[in-house]
Amino acid sequence: MSDAKAEDYPIEIQSLRKTFPLRWRKGSVVAIDCLDLRVRRGEVFGLLGPNGSGKSTTLKVLLGLLRPTSGEARLFGESVASVTSRRRLGYLPESPYFYRFLTGEETLRFFGPLCGLHGAALRKRVDELLELVGLEHGRHRPLSGYSKGMLQRIGLAQALLHDPELLLLDEPTAGVDPIGSREMKDLILELKARGKTIVLSSHLLDQVEQVCDRVAILHLGKKILEGRISDLLTQQGKVCIIISDFREKSPLQVKTQLQSLGYKIEEIEPPKMTLEELFLKRVAESTSNAS
Amino acid sequence: MRSLMVIRTLAGNTVLELLRQKALLILIILGIIMAGGANFFSQFSFDTEQDFKFIKDFAVGILTLVGVLVAIIGVAQMLPAELESRTVLTILTKPVQRWEFLLGKFFGLCFLLACLTLAMALILSVVLYFQESARVAEINKSYEAAASQGHEINLEEKKAAIDGIRKQSRDARLISVLLLAYFKMVLTAALGLLISTIATSMMFTAIMTSLIYISGHLLATAREAWSNNEAVHSWLLKPLTALIMVVVPDLGSFNLIDEIVAGNPIPLEHTLGILNYAIFYTAVVLMAACLLFSSREL
């Protein structure tokens, strides 16, 4: 693959197949079957699918933790089998697996040399990241005392330690409260604005819809759908008209008018906000009232 | 250079991890106290030479026992715990080679064992120094008493007695003994690491490493049985004995304390020979462990 193409597509998966042999029995389980996937530079890509669909296996192959049975996977044009392919990659595991006896700062200082950072550069980077993820107050606290949201944040900080161009986020808001979830979403969008390529594996479809440019849906190890969110969710041939200052008797008149133009009206109802939006709005109001 | 930094970081963290394990910490503290206790136990003997031999034998015995237990328990927990807590996954998603990870863990344990050996060697030196001072003071006192009673003092005899005590306490052979005891721990840890790369549980690693350790001490007996065809004639026992003789290291040859107890000299060539054997064996075992771990799916 040419260098230009490799830079355009940080992730390239071709005909990837991964099977796991069954113990004591002949045969094997197919975790990924004939998967083709390309993630473009600078986009937020959502990897969706129910449990057992092959999302985690795909991520593990990309991280070099599992070897493909056949096919190939490349990061920036380099085979995932090579350690150098991970120099430009940051990974946030689903449940951050860290040494619980280390403090937030010590955790980042431990991972620094593993990413090639040390000395003053590492100290500066640790300060920057603790500020970015909002964990300055937890800097000297052992991770055993961290909440789930704080663990996710320190997990994101370690993933960003060497300022990677590509981020793999596995369920970044699993077990996090809506406020933490919103903060994580904002962080992802901020990172996207900084030019990072992000792959997000998640069950939270709302969140994926809000942050991802493109998605792929996996089911039973196969890709069943891939495309831009806006394209996939747009219902062709239908239009939604939002009218402000709508009067009580209006529905009938609007319906009549539109029908006279030959349109078929399916439904007329007030627009709704999402539960997440309502929750965040009320909590913000309550916080401002209390203060 | 980068690999060295990675290994050093992982080794440093491994030391912290090991020191946080209460069982290991208690074992280390107990070992250090018991090594110091050699002074107390020696009081039950009335022979100066036997006293010193007892102190050395006891302290080296405790050091070896505690060191090997720390090596087995430490190595048995090291990799399985990382796999169970999945911290290994976060580390290996960084640009870290699997062999760097494994060597980092191994050298962390080796560093802890080196500290333990040095601490116990220091305690042994202190015990021997106090024994020497006490015995020399006793001699001086007895000669002073004899002089005060008007007896003629044979200074040559007094000097010979003091030199005899110093020879016992300042025994250079102990350096060889402690060095080989340390390398026996290191080799045991390497064997444990090799097993842990294919094992799934801590218990399996600990039991298998202990069995290999015991077999390593019975190798001389196995060789004897092998040379005597009558003893090893079974179709199963013969190849099994051959396999053990080839695969299992001869850990019995590391026990040089018996030479001190027997009053034999320890030639430098002999120590260096065993040292080379230990380093070569450890390197081969570590290479095998790295190969196995690299091919393991996580």
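Residues numbered from 1 in each chain as written. Chains lettered and ligands numbered in written order. Predicted model: local features only at pLDDT ≥ 70, side-chain atom pairs only at ≥ 80, totals over all residues. Heavy atoms only, no water.

Trainee: Describe the overall build of chain B, listing the residues and the values that go with them.
Mentor: Counting its secondary structure elements, chain B contains 13 helices and 0 strands. The order of α-helices and β-strands along chain B, N terminus first, is α-α-α-α-α-α-α-α-α-α-α-α-α. Reported as C-alpha extents along the three principal axes, the dimensions of chain B are approximately 85 × 50 × 35 Å. By residue count, 47% of the 298 residues in chain B fall in the buried class. Excluding contacts between residues fewer than 6 apart, the proportion of contacts in chain B whose partners are at least 24 apart in sequence is 81%. A total accessible area of about 15,000 Å² is found for chain B, and carbon and sulfur atoms account for 68% of it. Charge centroids of chain B, computed over 22 positive and 23 negative side chains, lie 11 Å from each other. (Helix = DSSP H or I, 4+ residues; strand = E, 2+ residues; numbered from the N terminus. Buried < 20%, exposed > 50% of the residue type's maximum accessible area, 1.4 Å probe, protein only. Contact = heavy atoms within 4.5 Å. Areas by Shrake-Rupley, 256 points an atom, 1.4 Å probe, with all protein chains shown as cover. Lys, Arg positive; Asp, Glu negative; His and termini not counted. Charge placed at Lys NZ, Arg CZ, Asp CG, Glu CD.)

Trainee: Before we move on, can you summarise the overall build of chain A with the specific residues and values?
Mentor: Helix and strand content of chain A: 10 helices and 10 strands. C-alpha extents for chain A along the principal axes are approximately 70 × 55 × 45 Å. Of all 291 residues assigned to chain A, the portion counted as buried reaches 43%. Put simply, 66% of the contacts in chain A that link residues at least 6 apart link residues at least 24 apart. Across chain A, 42 positive and 37 negative side-chain charges occur, with their mean positions spaced 5 Å apart.

Trainee: I'd like a description of the sheet that holds strand β4 (residues 70-75) of chain A, backed by residues and values.
Mentor: All names here are of chain A. One open sheet accounts for 4 strands, arranged β2-β1-β4-β5; its pairing is antiparallel. Edge positions in the sheet fall to β2 (28-39) and β5 (78-79), since each of these pairs with one other strand and no more. Direction of pairing for β4 relative to β5: antiparallel, over a ladder of 2 bridges. From the neighbouring strand, Arg 74 faces β5, where its bridge partner is Ser 79. Relative to the sheet, helix α2 (residues 55-62) contacts β1 (11-21), β2 and β4, its axis offset from that of β1 by approximately 115°. (Pairing = 2+ DSSP bridges. Axes fitted to C-alpha atoms, helices over the stretch in contact; angles between N-to-C directions.)

Trainee: Any details on the pairing of strand β9 (residues 214-219) of chain A? Residues and values, ideally.
Mentor: All names here are of chain A. Summarising the sheet, strand β3 (residues 44-48) and β9 pair through 4 bridges and their orientation is parallel. Along β9, the bridge assignment pairs Leu 48 with Ile 217. Note: β9 against strand β10 (residues 222-228), 6 bridges, orientation antiparallel. Residue His 219 lies in a different strand from β10, and its bridge partner there is Lys 222. In this antiparallel pair of consecutive strands, β9 and β10, the connection spans 2 residues, and Leu 220 shows a positive phi of 50°.

Trainee: Give a detailed account of the side chain of Glu 171 of chain A, specifying residues and quantitative values.
Mentor: On the secondary structure map, Glu 171 of chain A appears in the loop between β7 (166-170) and α6 (178-193). Buried within the structure, Glu 171 of chain A lacks any salt-bridge partner; Lys 55 of chain A is the closest side chain of opposite charge, at an N-O distance of 4.7 Å. (Salt bridge = Lys/Arg side-chain N within 4 Å of Asp/Glu carboxyl O.)

Trainee: Tell me what's going on with the confidence of the model for chain B, and back it up with residues and numbers.
Mentor: Summarising the model, chain B shows a mean pLDDT of 86, and 95% of its residues fall at 70 or more. Among the scores for the predicted complex, ipTM is 0.81 and pTM is 0.84. (pLDDT = per-residue confidence, 0-100.)

Trainee: Before we move on, could you go through the environment of Glu 132 of chain B and cite the residues and values that matter?
Mentor: Residue and element names in this part refer to chain B. Considering the arrangement of structural elements, one finds Glu 132 in helix α6 (residues 98-148). On the accessibility criterion, Glu 132 (5% relative accessible area) is buried. The sequence separation of Glu 132 and Gln 168 amounts to 36 residues, and the corresponding C-alpha distance is 8.5 Å. Every residue in contact with Glu 132, bar those within four places of it in the chain, is listed here: Phe 52, Ile 165, Arg 166, Ser 169 and Arg 170.

Trainee: Report on helix α9 (residues 202-217) of chain B, specifying residues and quantitative values.
Mentor: All names here are of chain B. The terminal C-alpha atoms of α9 lie 23 Å apart, and with 16 residues this matches the ideal 22 Å at 1.5 Å per residue to within 8%. All of the buried residues along α9 are Thr 205, Ala 206, Thr 209, Ile 212, Tyr 213 and Gly 216. Down the axis of α9, the buried side of the element spans an arc of 135°, and every buried residue falls inside it. Where α9 starts, the residue carrying a side-chain oxygen 3.1 Å from the main-chain nitrogen of Phe 204 turns out to be Ser 201. (Expected span 1.5 Å × (residues − 1). Arc of directions from axis to C-beta. Polar contact = N/O pair within 3.5 Å; in protein donor to acceptor, adjacent residues only side chain to side chain.)

Trainee: With reference to specific residues and values, describe a nonpolar patch on the surface.
Mentor: All names here are of chain B. Together, Leu 237, Leu 240, Leu 243, Ile 244, Val 246 and Val 247 line one region of the surface with nonpolar side chains, adding up to about 520 Å² of accessible area. Within the element layout of this structure, Leu 237 appears in helix α11 (residues 237-247). The class for Leu 237 is partly exposed, based on a relative accessible area of 41%. (Patch = residues over 30% accessible without salt bridge, like charges linked within 9 Å, V, L, I, M, F, W, Y side chains within 5 Å.)

Trainee: Which residues make up the packing of helix α8 (residues 173-198) of chain B against α9 of chain B, and what values go with them?
Mentor: All names here are of chain B. Close contact between α8 and α9 brings their axes to 9 Å; oriented N to C, the two are set at 135°. Looking at the two axes, α8 sits oblique to α9. Pair α8 / α9 crosses with right-handed handedness. Contact residues: α8 offers Lys 184, Thr 188, Leu 191, Gly 192, Ile 195 and Ser 196, while α9 offers Phe 204, Thr 205, Met 208, Thr 209, Ile 212, Tyr 213 and His 217. Of the residues belonging to the contact of α8 with α9, the class tally is 6 nonpolar, 6 polar and 1 charged. (Parallel < 35°, antiparallel > 145°, perpendicular 65-115°, else oblique. Left-handed = near helix turned anticlockwise from the far one by under 90°. Nonpolar A, V, L, I, M, F, W, Y, C, P; charged D, E, K, R; others polar.)

Trainee: How would you sum up the interface of chain A and chain B? Please name residues and give values.
Mentor: Between chain A and chain B, the residue contacts involve 29 residues of the former and 28 residues of the latter. Both sides of the chain A and chain B interface together cover about 2,700 Å² of buried area, and 62% of this is carbon and sulfur. Summed over the shared surface of chain A and chain B, the number is 1 salt bridge. Remark: the boundary between chain A and chain B carries 12 residue pairs in polar contact (both at pLDDT 80 or more). At the level of elements, β1, α3 (104-114) and α5 (148-160) of chain A are the ones that each hand at least two residues to the side of chain A that touches chain B. The leading source of residues in the side of chain A that touches chain B is α3 of chain A, at 4 residues. Split by residue class, the side of chain A that touches chain B holds 19 nonpolar, 5 polar and 5 charged. (Buried area = accessible area lost by both parts, 1.4 Å probe.)

Trainee: Requested: an account of the pattern of salt bridges, with residues and values cited.
Mentor: Residue and element names in this part refer to chain A. Under the definition given, this model contains 29 salt bridges over all chains. In this structure, the salt-bridge partner of Arg 139 is Glu 105, at a minimum N-O distance of 3.3 Å. Here Arg 139 is found in the loop between α4 (119-132) and α5, whereas its partner Glu 105 is found in helix α3, with 34 residues between them in sequence. Of the two residues, Arg 139 and Glu 105, neither departs from the other in class, the shared state being buried. Within this structure, Lys 124, Arg 125, Glu 128, Asp 163 and Lys 196 form a network of salt bridges that share partners.

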